Amino acid sequence: MNEVEFNVSNAELIVMRVIWSLGEARVDEIYAQIPQELEWSLATVKTLLGRLVKKEMLSTEKEGRKFVYRPLMEECTAINLMAESKKFVKRNMSMFCKR
């Protein structure tokens, strides 16, 4: 995965954190964990999941009529890679560090 492909938006990071916390999840399970104040639709979550699959952050497997999403890297690995970008550190430091 190259640096351009690893660019993860704040919205994508929110979705990844839900999946990391659950280990694996279906869209409805992920959607249920998204904070309501974000006012995201189910379609928004599906779009973000598709982007994360394309960026090789998630795998997807059809189980019956549903798709199950699994992380392709551990949270700490992803954070370390993102932290290499000064833009990420400036943008998201408060999300991970209490002051």
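Use the structure listed above.
Residues numbered from 1 in each chain as written. Predicted model: local features only at pLDDT ≥ 70, side-chain atom pairs only at ≥ 80, totals over all residues. Heavy atoms only, no water.

Any chance you could break down the overall build of the protein for me, citing the residues and the numbers?
Tallying secondary structure elements over the protein gives five helices and three strands in all. For the protein, the α and β elements follow one another from N to C terminus as α-β-α-α-β-β-α-α. Considering the protein as a whole, with its 99 residues, one finds that 27% of them fall into the buried category. Long-range contacts, defined here as pairs at least 24 residues apart, represent 55% of the contacts in the protein between residues at least 6 apart. Per element, the accessible surface of the protein, about 6800 Å² overall, is 50% carbon and sulfur. (Helix = DSSP H or I, 4+ residues; strand = E, 2+ residues; numbered from the N terminus. Buried < 20%, exposed > 50% of the residue type's maximum accessible area, 1.4 Å probe, protein only. Contact = heavy atoms within 4.5 Å. Areas by Shrake-Rupley, 256 points an atom, 1.4 Å probe, with all protein chains shown as cover.)

Give a description of the packing of helix α1 (residues 10–22) against helix α3 (residues 42–54) that names residues and reports values.
Two numbers describe how α1 lies on α3: the axes approach to 10 Å, and their chain directions differ by 85°. Judged by the inter-axis angle, α1 sits roughly perpendicular to α3. Along the contact surface, α1 presents A11, E12, V15, M16 and I19, while α3 presents L48, L49, R51 and L52. Residue composition of the contact of α1 with α3, by class: seven nonpolar, no polar and two charged. (Axes fitted to C-alpha atoms, helices over the stretch in contact; angles between N-to-C directions. Parallel < 35°, antiparallel > 145°, perpendicular 65-115°, else oblique. Nonpolar A, V, L, I, M, F, W, Y, C, P; charged D, E, K, R; others polar.)

Give me the lowdown on the side chain of E12, citing residues and values where you can.
Examined against the element boundaries, E12 turns out to sit in helix α1. Once residues within four sequence positions are removed from consideration, E12 is found in contact with N7, L48, R51, L52 and K55.

For the pairing of strand β2 (residues 58–63), give the residues involved together with the corresponding values.
As defined by bridge partners, β2 adjoins strand β3 (residues 66–71) across six bridges and the pair is classed as antiparallel. Within β3, the residue paired with E63 across the bridge is K66. The turn linking β2 back onto β3 is made up of two residues, and G64 within it adopts a positive phi angle of 70°. (Pairing = 2+ DSSP bridges.)

I'd like a description of unusual backbone geometry, backed by residues and values.
A positive phi angle is found at E39, which is not glycine, with a value near 55°. Along the chain, the position of E39 falls in the loop between α2 (27–33) and α3. One non-glycine residue, E56, lies in positive phi territory at about 65°. By secondary structure assignment, the location of E56 is in the loop between α3 and β2.

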